Amino acid sequence: MRKQIAAANWKMNCTYKQAESLLDDILNTQVELKNHQLVIFAVPYPFLIMANSEVADEDNYFVAAQNCYHQKSGAYTGEVSAEMLQSIGLHHCLVGHSERREHFNENNATLSQKVNMCLESELTPIFCCGESLSIREAGTQNDYVEVQLRESLFHLSEVDIQRVIIAYEPIWAIGTGKTATTAQTQEMHAHLRLVLEKKYGSLIANNISILYGGSVKASNAAELFSCPDVDGGLVGGASLIAADFISIIKSLK
Ligand code: PGA
């Protein structure tokens, strides 16, 4: 079975103490995960080492960075490389979240380099894609996300594409309380899988986890995750409330 994943995206929230107690509240509940289920906490850089040591004894719980730089190393003041993340024991990194695309001008070409940096450093990229409201209203969302995949991922070999997790996050649903319907979600996820299938074949396409993100809540997670092509979620706001995120974890297939 494909990996089913509840990924928390804390964004730029929490102080160190708040981060510690949020993690404690979630981990102390000891939600038992099945072999094919993973929980990933994408936390701000200053909390990565602490968070990673908190999950160290927990099976199938991981910590991710929210970003990395697209160059290997050098004179890039303020940036963090994939190799640095790997050197502190991480296994995952978000790449191309829509907030990074919007506020930091990340484009498909730079993101393909970030994906490469991650894979070179044995990090699993959680590659985010998704369309804006105007694209959805124009009805061109399928083509739009297909280009995002093509330009950032399709240079990868058959082996490497299977090391990527994809997160579909319609921008109009992020932090807005407006969730895509299950029909819209399933339709897009099936489309993404078809795009992967056309390039890599169905065996490989069926092996890649595709998460949904955009106002996932305790109240809608089970329904969204029940879609056949939805393999869990990337969760912003609701991941900052322990009880809500626990309930989202329990909604995994
Ligand atoms: P949201 O954020 O759950 O608060 O909509 C999701 C995300 O940006 O990853």
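Structure: above.
Given the structure is predicted, the values throughout are model-derived calculations rather than measurements.

A. Local environment of the overall build of the chain. Within the chain, the secondary structure is distributed over 12 helices and 8 strands. Taking 2.2 N^0.38 as the reference for a compact globule, 253 residues should give roughly 18 Å; the C-alpha atoms of the chain span a radius of gyration of 17 Å, in line with that estimate. Taken along its principal axes, the extent of the C-alpha atoms in the chain is 45 × 45 × 35 Å. Within the chain, contacts between residues separated by at least 24 positions form 72% of all contacts whose residues are at least 6 apart in sequence. When the accessible surface of the chain is split by element, carbon and sulfur atoms take 50% of a total near 11100 Å². The distance from the centre of the 19 positive side-chain charges to the centre of the 29 negative ones in the chain is 4 Å.

B. Quick look at helix α5 (residues 108-120). Between its terminal C-alpha atoms α5 stretches 18 Å, which fits the 18 Å expected from 13 residues at 1.5 Å a residue. Residues of α5 that are buried include every one of N108, T110, L111, S112, K114, V115, M117, C118 and L119, and no others. Of the surrounding elements, those touching the buried residues of α5 are α3 (82-87), β4 (92-95), α4 (98-103), β5 (124-129), α7 (141-153) and α8 (158-161). Looking at where α5 begins, the residue whose side-chain oxygen comes 3.1 Å from the main-chain nitrogen of A109 is N107. Where α5 ends, the next residue or the one after it, E122, has phi of about 60 degrees, a positive value.

The rules we used
Residues numbered from 1 in each chain as written. Predicted model: local features only at pLDDT ≥ 70, side-chain atom pairs only at ≥ 80, totals over all residues. Heavy atoms only, no water. Helix = DSSP H or I, 4+ residues; strand = E, 2+ residues; numbered from the N terminus. Rg over C-alpha atoms; globule rule 2.2 N^0.38 Å. Contact = heavy atoms within 4.5 Å. Areas by Shrake-Rupley, 256 points an atom, 1.4 Å probe, with all protein chains shown as cover. Lys, Arg positive; Asp, Glu negative; His and termini not counted. Charge placed at Lys NZ, Arg CZ, Asp CG, Glu CD. Expected span 1.5 Å × (residues − 1). Buried < 20%, exposed > 50% of the residue type's maximum accessible area, 1.4 Å probe, protein only. Polar contact = N/O pair within 3.5 Å; in protein donor to acceptor, adjacent residues only side chain to side chain.

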